[in-house]
Amino acid sequence: MNNATRVFTPAVQQAQVERGSSKAYERRIAEGFPDRITAELAKFIAEQDTAFIATATANGAPYVQHRGGPKGFIKVVDDKTLGFADYRGNRQYITLANRMVENDPALIERLFDQGYKARPERVILFTVEAWDVNCSAHIVTRFTEEEIEEAFVAVRDKIAELETENARLRAALAKQPASPPE
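Attention in this report is confined to the structure presented alongside it. The model shown is predicted, which means the values in this text are computed figures rather than measured ones. (Residues numbered from 1 in each chain as written. Predicted model: local features only at pLDDT ≥ 70, side-chain atom pairs only at ≥ 80, totals over all residues. Heavy atoms only, no water.)

### Considerations on the overall build of the protein chain
Item 1. When helices and strands are counted, the protein chain shows 6 helices and 6 strands.
Item 2. Secondary structure of the protein chain in N-to-C order comes out as α-α-α-α-β-β-β-β-β-α-β-α.
Item 3. Relative to its length of 182 residues, the protein chain is extended, with a C-alpha radius of gyration of 27 Å against a globular reference of 16 Å.
Item 4. Projected onto its principal axes, the C-alpha positions of the protein chain cover 95 × 50 × 30 Å. (Helix = DSSP H or I, 4+ residues; strand = E, 2+ residues; numbered from the N terminus. Rg over C-alpha atoms; globule rule 2.2 N^0.38 Å.)

Right under this line is the structure:
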């Protein structure tokens, strides 16, 4: 048996039948989903500076929490494991139901981003059992402050150039003799 039922549970497959998309996913169900971190996935993960983690309590209550850091804060530990250093935050500790590793300085050091202004307290690891690429049609493009600042450099330079040209043209216009009244 493959891992397709981890993603397409019986309830999901029933919803696909009811809504007419089951034929489109027959092949995916037969093949299963990737369960190893590929080079392409590792490259994508290395570019991320934010993530949302969903966990559930023992009795099923869901919780979604943001995690962020410098680009690449989530790291590939091996071909089935992702991890990141978990930093001191609001100290609610709700997401610690994940695979958490404390008291392993070597692993914390391996996943900690040197130079980042935070104090790692533990490591959170995820075992990849199945993954898929999400449809990006409704994912809004997000820019970091650094990316916005970089874009504004060109805008500020263009404004300065236009202001200089405007001042030059005004000065040239001011030097022209006044036109006689008609």
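Having seen the structure, we can now continue with the description.
### A look at the layout of surface pockets
Left-over empty space is what a probe sized like a water molecule reveals as it rolls over the atoms.
Item 1. A volume near 1600 Å³ is recorded for the largest pocket.
Item 2. Lining the largest pocket are 34 residues; nearest its centre among them are Phe44, Ile45, Gln48, Thr50 and Ala51.
Item 3. Elements that contribute at least two residues to the lining of the largest pocket include exactly α4 (39-46), β1 (50-56), β4 (81-87) and β6 (120-127).
Item 4. No other element matches β1, which puts 5 residues into the lining of the largest pocket.
Item 5. Empty space within the second largest pocket amounts to approximately 230 Å³.
Item 6. Considering the residues around the second largest pocket, the lining is formed by 20 residues, among which Arg67, Asp86, Tyr87, Arg88 and Gly89 are closest to the centre.
Item 7. Elements with a minimum of two residues in the lining of the second largest pocket: β2 (62-68), β4 and β6.
Item 8. Partitioning the lining of the second largest pocket into residue classes produces 7 nonpolar, 7 polar and 6 charged. (1 Å grid on protein atoms, 1.4 Å probe; cavity = no way out; pocket = protein on both sides within 12 Å on 5 of 7 lines; lining within 4 Å. Points joined across faces, edges and corners; volume = space filled by probe spheres on them. Nonpolar A, V, L, I, M, F, W, Y, C, P; charged D, E, K, R; others polar.)

### Things to note about the nonpolar core
Item 1. Counting 12 residues, the largest nonpolar core is built from Ile37, Leu41, Ile45, Ala51, Ile53, Phe73, Ile74, Leu82, Phe84, Ile124, Val128 and Trp131.
Item 2. Looking at this core, the elements with two or more residues in it are α4, β1 and β4.
Item 3. The residues touching Ile37, leaving out its near neighbours within four places in the chain, are Ala42, Val76, Asp78, Asp79, Lys80, Thr81, Leu82 and Val128.
Item 4. In this structure, Val101, Leu107, Ile108 and Leu111 belong to the second largest nonpolar core, which totals 7 residues. (Core = buried A, V, L, I, M, F, W, Y, C linked by side-chain atoms within 4.5 Å. Buried < 20%, exposed > 50% of the residue type's maximum accessible area, 1.4 Å probe, protein only. Contact = heavy atoms within 4.5 Å.)

### What about the packing of aromatic side chains?
Item 1. Going through the model one piece at a time under the given rule, you end up with 6 aromatic pairs.
Item 2. Aromatic pair Phe84 and Phe126: ring centres 6.1 Å apart, planes at 25 degrees, arrangement stacked. Here Phe84, found in strand β4, pairs with Phe126, found in strand β6; they are 42 residues apart in sequence, far enough to count as distant.
Item 3. Accessibility expressed as a relative area gives 2% for Phe84, which makes it buried. (Phe/Tyr/Trp six-rings, centres within 6.5 Å; stacked < 30°, edge-to-face > 60°.)

### Concerning the pattern of salt bridges
Item 1. Under the definition given, this model contains 18 salt bridges.
Item 2. When the shortest N-O distance is used, the salt bridge between Glu129 and Arg6 registers 2.1 Å. A residue pair is termed long-range when its members are at least 10 positions apart, and Glu129 in the loop between β6 and α6 (145-175) and Arg6 in helix α1 (residues 4-7) qualify at 123 residues.
Item 3. Here Arg142 and Asp49 are joined by a salt bridge, their closest N and O atoms 2.3 Å apart. In this pair, Arg142 sits in the loop between β6 and α6 while Asp49 sits in the loop between α4 and β1, placing the two residues 93 residues apart along the sequence.
Item 4. According to the relative accessible area criterion, Arg142 is partly exposed, its value standing at 46%.
Item 5. Given the relative accessible area of 15%, Asp49 is considered buried.
Item 6. Counted as one network, the salt bridges with shared partners bring together Arg67, Asp86, Arg88, Glu102, Glu121 and Arg122. (Salt bridge = Lys/Arg side-chain N within 4 Å of Asp/Glu carboxyl O.)

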